[in-house]
Each structure stands twice: as structure tokens, then as C-alpha cells.
Amino acid sequence: MNKSYIWSLPTRVFHWLFAVIILIAFLTDDDKLLFYHAIAGYCIFILLIFRFTWGYMGPKFSKFKDFNLNIKAVKTFIKSLFKKDNEYLGHNPLASYVMIGMLIITTLIIFTGVLTYGIEEKKGLFNFLGDSFLKDFKSMDNIHEFFANLLLFLIGLHLIGIFIDKLLHKQKAALKSIFTGYKISNSNINIKLNFFQKLFAFLMFVLLIAFLIFNIINPNNKLVAFNNTNKNITIITT
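As the structure is a computational prediction, the values presented were derived from the model and not from experiment.

A. Inspection of the nonpolar core at higher detail. Counting residues in each nonpolar core, the largest one holds 40 residues, and the members touching the most others are Phe-18, Ile-44, Phe-50, Met-102 and Val-224. Among the secondary structure elements, those contributing two or more residues to this core are α1 (9-27), α2 (34-57), α4 (93-121), α5 (139-168) and α7 (195-217). Sorting elements by how many residues they give to this core places α2 first, with 13 residues.

So, in C-alpha cells, the structure goes:
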């Protein structure tokens, strides 16, 4: 058995930032904490930009083309689930579907969240919608909540998958790999980032940090605050 380096540092950092900020978004889903909820949403959006781009320019196993979405592969995976020699270096077929689903659903959550923030709170980029024909459209928040609950369901599936893998294939160290990047396998494959991949990951991380600092220094910005060109005051609820 060999130790294969399959999850690069940017991939692992994304994974944990994504998990932590989604948790923060759920914890701040309250009228009194909408300012922080909105900031969490924009941070997730930045992470999504990184992950969708990483899915095309990132290293092997992180690329979408390495996600096995073949239905036959799913059936084969389920049938061989209890076999100890069942090995998938990257995402297994079921996990591939869950990961893609989480990324798509999270994107829809951000989109509906920004619209809800504009329509119901008259804040953010779409604050003008609060005075449009959509001002009485209260269903957007329900749609936003529906996708949020769907994401919780997918997260639940993800956690169940981790538990099953830990129980049945402990020797593969799949759970530990998201911390260390290494997975135990019969292969001898090790990924390596090129200069452009490292530069892109670094710039996206800087963008995320810069966005957070910007909101600390300037909390009354157009992304999260009330913005009405007919008034000279800015109103924000924290």
C-alpha cells in the first residue's frame, strides 16, 4: 500500500472554509444578524468562483472531468461497497453526485439570497427590487429556504458517506486525507500544482481576505447596506 497525495492545499483549504462559512451562514440566519449572513453569503460566492474554476484548471481529482458520474459506475460502486479492495482515489461515483449537487444548490442559495435581501430588506446590490413590482413577492424567501434545506440534506448524505467509508474502508484513510492530502491506496499517484494553479489559488484567497477586511472597514458598502440614490443617508441593521 502507498500514500498517494491527491488533495492539494488549496483544495483542502476550500473544503474547510466552505464548511465553516456555510455553518456561519446558517447560524446568522436571523433578522438581527442579516448583515453577517449577507457577508457569509458573498464569501461563499467567492469560494464558489474558486471551486468552479478549479474544477477546470485544478489538479487531477479536483477537476470535474475526474468526477465519475456514470450511472453504471454508481451501481458498481454500491454492489462492491462492502469489499475491502473497493478503491477510488478521488471522489467515488456517489460522492461525485453529492459534491456537484452541493455546488449547484449552494449557487442557487446565493442567487435567491441576494434577491431576497433586495426585495424584502431593500439592501445589497438588488435593493431597487424592494420598490419594484416584486416588493410584495414574498415567495423568494421561501425558495431561498427550500434550497437551504436541500443543502442540509446533501450535507447529511455527505456525512453519512464519510461515516460509512470510515466504517468499511478505514485502511484507506479517506477522512484523514482532507486534513493531510494523502490517501492510502494501491496506486502510486501524486498530484503537483503548477505555477498558474498556485497563483490562482493565492489570488482567490487574497480576494476573500480583502473582502472581509473591506466589510470591516466599510460596513455601509453597496453589497450589504441600504442604497438609495434619492437619499444621502445609509441605513444598516446589525
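B. Representation of the packing of α2 against α4. Where α2 contacts α4, the two axes come as close as 10 Å, and the packing angle between them is 145°. Two packed elements cross with a definite hand, and for α2 against α4 that hand is left-handed. From α2, Leu-34, Phe-35, Ala-38, Gly-41, Tyr-42, Ile-44, Phe-45, Leu-48, Arg-51 and Phe-52 reach across to α4, where they touch Leu-103, Thr-106, Thr-107, Ile-110, Val-114, Tyr-117 and Glu-121. Its residues assigned to classes, the contact of α2 with α4 shows 12 nonpolar, 3 polar and 2 charged.

C. Expanded view of the pattern of salt bridges. Using the criterion set out here, one finds 1 salt bridge in the structure. Note that Lys-60 is salt-bridged to Asp-66, the shortest N-O span being 3.3 Å. Given a relative accessible area of 25%, Asp-66 falls into the partly exposed group.

D. The packing of α1 against α5, seen in detail. Look at α1 against α5: their axes get within 13 Å of each other, and the N-to-C directions meet at 135°. On the basis of the axis angle, α1 is oblique to α5. Between α1 and α5 lies a crossing whose hand is left-handed. Contacts between α1 and α5 involve His-15, Ile-22 and Phe-26 from the former and Ala-148, Leu-151, Leu-152, Ile-155 and His-158 from the latter.

E. Layout of the packing of aromatic side chains. Scanning all chains against the criterion turns up 14 aromatic pairs. Ring geometry for Phe-35 against Tyr-36: centres 5.1 Å apart, planes inclined by 75°, an arrangement best described as edge-to-face. Residue Phe-35 is classed as buried on the basis of its relative accessible area of 6%. You can call Tyr-36 partly exposed: its relative accessible area is 40%. In textbook terms, an aromatic cluster arises when at least three aromatic residues are bridged by ring pairs, as seen for Phe-14, Phe-18, Phe-50, Trp-54 and Phe-200. One cation-aromatic arrangement involves Lys-3 over Tyr-182; the distance from NZ or CZ to the ring centre is 5.0 Å. Between the NZ or CZ atom of Lys-60 and the centre of the ring of Phe-61, over which it lies, the distance is 5.2 Å.

F. Quick look at a negative patch on the surface. On the surface, Asp-29, Asp-30, Asp-31 and Glu-145 cluster together to form a negatively charged patch. With respect to the helices, strands and loops of the structure, Asp-30 is situated in the loop between α1 and α2.

G. Broad picture of the pairing of strand β2 (residues 182-185). With burial as the criterion, only one face of β2 is covered, namely that bearing Lys-183 and Ser-185; the residues Tyr-182 and Ile-184 on the opposite face remain uncovered. As judged from the 4 bridges shared by strand β1 (residues 2-5) and β2, these two strands associate in the antiparallel manner. Bridge pairing links Tyr-5 to Tyr-182 in β2.

H. The arrangement of unusual backbone geometry in detail. Although it is not a glycine, Phe-61 adopts a positive phi angle of roughly 80°. You can see Phe-61 is positioned in the loop between α2 and α3 (71-79).

I. Examining the side chain of Lys-183 more closely. Topologically, Lys-183 is positioned in strand β2. Accessibility expressed as a relative area gives 10% for Lys-183, which makes it buried. Reaching out from Lys-183, the side chain makes a polar contact with the backbone oxygen of Leu-89 at a distance of 3.4 Å.

Parameters and conventions
- Residues numbered from 1 in each chain as written.
- Predicted model: local features only at pLDDT ≥ 70, side-chain atom pairs only at ≥ 80, totals over all residues.
- Heavy atoms only, no water.
- Core = buried A, V, L, I, M, F, W, Y, C linked by side-chain atoms within 4.5 Å.
- Buried < 20%, exposed > 50% of the residue type's maximum accessible area, 1.4 Å probe, protein only.
- Helix = DSSP H or I, 4+ residues; strand = E, 2+ residues; numbered from the N terminus.
- Axes fitted to C-alpha atoms, helices over the stretch in contact; angles between N-to-C directions.
- Left-handed = near helix turned anticlockwise from the far one by under 90°.
- Contact = heavy atoms within 4.5 Å.
- Nonpolar A, V, L, I, M, F, W, Y, C, P; charged D, E, K, R; others polar.
- Salt bridge = Lys/Arg side-chain N within 4 Å of Asp/Glu carboxyl O.
- Parallel < 35°, antiparallel > 145°, perpendicular 65-115°, else oblique.
- Phe/Tyr/Trp six-rings, centres within 6.5 Å; stacked < 30°, edge-to-face > 60°.
- Lys NZ or Arg CZ within 6 Å of the ring centre and 35° of its normal.
- Patch = residues over 30% accessible without salt bridge, like charges linked within 9 Å, V, L, I, M, F, W, Y side chains within 5 Å.
- Areas by Shrake-Rupley, 256 points an atom, 1.4 Å probe, with all protein chains shown as cover.
- Lys, Arg positive; Asp, Glu negative; His and termini not counted.
- Charge placed at Lys NZ, Arg CZ, Asp CG, Glu CD.
- Pairing = 2+ DSSP bridges.
- Polar contact = N/O pair within 3.5 Å; in protein donor to acceptor, adjacent residues only side chain to side chain.

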